[in-house]
Amino acid sequence: MKIMIDIDDILTNFNLAFLRIAHEMYDEVPIEVEVKIWDFWKSVPNLTLEMEERVWERIRNTPNFYESLPSYANDEDLRRLGELIAEGQHEVYFITSRFPTKGRNVQTQSQRWIQEEIGQPVSVIVSSRKGELCEVLGIEVAVDDAPHHIENLLDHGINTYIMDWPYNRHIDHRLRVKSLGEFLDSVLI
């Protein structure tokens, strides 16, 4: 089976990392917030659009930012993913649309983070055209959290699981999971 896994807010907890930086820069911005809308400033109390843009600028200027992200997936699920890749029975593609930061390129930072967490070397593809890419690669099943990527994947006929976050609940789709482990359980029957 060919499987596509997004990275942020599937494997890593990008939302938490963003909120920590926002709070570090602006005391009035809370860390413990349920992000209900894709744009942080529309969902996070006391965060304006201008403040959000400054947080993004801080992230862009942080060397190797993506290598320092906290995990969203738990240790057991990451271990299972590593075992799945080591077995070599399935082709697992990690596709992300991350933007560049200082330091190593996005692909290298992403690969280093995943390898550190799962103990297996992997390849990462950086692309914002996930649906088209998955179609070309013959991906049979995917998991993503970003509303625009989910819609693009579905528009290209990719069997897509949605990592359930409040900001994507407006998408009416039956395949929802709450964790990497639940996704693996669902597709590796």
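Definitions and limits used
Every chain begins its residue count from 1, and numbering advances along the sequence as written. Where totals are concerned, whole chains, interfaces and linings use all residues; where local detail is concerned, this predicted model gives features only for residues with pLDDT of at least 70, and gives and counts side-chain atom pairs only at 80 or more. The side-chain quantities take in all heavy atoms of the structure and omit both hydrogens and water. For the purposes of this entry, the term helix denotes a DSSP run of H or I that reaches at least four residues, the term strand denotes a run of E that reaches at least two, and both are numbered from the N terminus. Any two residues whose heavy atoms approach within 4.5 Å at even a single point are treated as in contact. A pair is scored as a salt bridge if a Lys or Arg side-chain nitrogen falls within 4 Å of a carboxyl oxygen belonging to Asp or Glu. Categorising residues by exposure relies on relative accessible area from a 1.4 Å probe, with only protein chains included: less than 20% of the type maximum marks a residue as buried, more than 50% marks it as exposed, and the intermediate range marks it as partly exposed. Side-chain atoms within 4.5 Å link the members of a nonpolar core, which is a set of buried Ala, Val, Leu, Ile, Met, Phe, Trp, Tyr and Cys residues. Aromatic pairs are defined between Phe, Tyr and Trp rings, using the six-membered ring for Trp, whenever the two ring centres lie within 6.5 Å; interplanar angles under 30 degrees are classed as stacked, those over 60 as edge-to-face, and all others as tilted. Look at NZ for Lys and CZ for Arg. If either is within 6 Å of the ring centre and within 35 degrees of the ring normal, a charge sits over the ring. Side-chain atoms alone can form a polar contact between residues adjacent in sequence; in general such a contact is a pair of N or O atoms within 3.5 Å, and within protein one must be able to donate a hydrogen while the other accepts it. Any two strands are treated as partners once DSSP identifies two or more bridges connecting them. Fitting a line to C-alpha atoms yields each axis, with helices limited to the stretch in contact; the angle taken between N-to-C directions then spans 0 to 180 degrees.

Turning our eyes to something else, we now look at the environment of W113. Checked against the element boundaries, W113 lands in helix α4 (residues 106-118). Remark: the alpha-carbon pair of W113 and F18, spanning 95 residues in sequence, is separated by 17 Å. The contacts of W113, once residues within four sequence positions are left out, are L11, T12, Y66, E67, L69, P70 and S71.

What follows is about the pattern of salt bridges. Tallied over the full model, the rule gives 16 salt bridges. In this structure, D144 and K130 form a salt bridge, with 2.8 Å as the shortest nitrogen-oxygen distance. Of this pair, D144 sits in strand β4 (residues 141-144) while K130 sits in helix α5 (residues 130-137), placing them 14 residues apart in sequence. Here R169 ties to D164 by a salt bridge, and the two come within 3.0 Å at their closest N and O atoms. We classify D164 as buried; its relative accessible area is 11%. Overlapping salt bridges bring together D164, R169, R176 and K178 as one network.

Bringing unusual backbone geometry into the picture now. Located in the positive-phi region is D9, a residue other than glycine, with phi close to 65°. Turning to its location among the elements, D9 is positioned in the loop between β1 (2-5) and α1 (14-25). Residue classification places D9 among the buried positions, given a relative accessible area of 3%. Non-glycine residue N46 carries a positive phi angle of around 70°. Here N46 shows up in the loop between α1 and α2 (49-60). For N46, a relative accessible area of 47% translates into the label partly exposed.

Bringing the nonpolar core into the picture now. Counting residues in each nonpolar core, the largest one holds 49 residues, and the members touching the most others are I5, L11, F94 and F183. Leave out the neighbours within four places in its chain, and I5 touches I10, L11, L81, V92, Y93, F94, I95, V143, L180 and F183. Among the nonpolar cores identified, the runner-up in size contains 8 residues, and M4, Y93, C134 and L153 belong to it.

What follows concerns the packing of aromatic side chains. Applying the stated criterion to the full structure yields 12 aromatic pairs. When the ring of F14 is compared with that of W56, the centres are 5.7 Å apart and the planes differ by 15°; the resulting orientation is stacked. Taken together, the residues span a long stretch of sequence, with F14 in helix α1 and W56 in helix α2 at a distance of 42 residues. Of the two residues, F14 and W56, both sit in the buried class. Pairwise contacts between aromatic rings join F14, F18, F40, W56, F65, Y66 and F99 into one cluster. Positioned above the aromatic ring of F99 is the side chain of R60, whose terminal nitrogen or guanidinium carbon lies 5.0 Å from the ring centre.

In this section: the side chain of T101. By secondary structure assignment, the location of T101 is in the loop between β2 (91-96) and α4. Under the relative-accessibility criterion, T101 is labelled buried at 10%. Of note is the side chain of T101, whose polar atom sits 3.0 Å from the side chain of Q109. If sequence neighbours within four positions are ignored, T101 has contacts with I59, R60, T62, N64, F65, Y66 and Q109.

Our next topic: the sheet that holds β2. Read from one edge to the other, the open sheet built from 6 strands follows the order β3-β2-β1-β4-β5-β6, with strand pairing classed as parallel. The outermost strands of the open sheet, each flanked by one partner alone, are β3 (124-126) and β6 (176-177). Note that β1 and β2 share 4 bridges and pair parallel. Bridged to I5 within β2 is F94. Packing of helix α3 (residues 75-87) onto the sheet brings it into contact with β1 and β2, and relative to β2 it is tilted by some 125°. The sheet strands contacting α5 are β1, β2, β3 and β4, and the helix crosses β2 at an angle near 160°.

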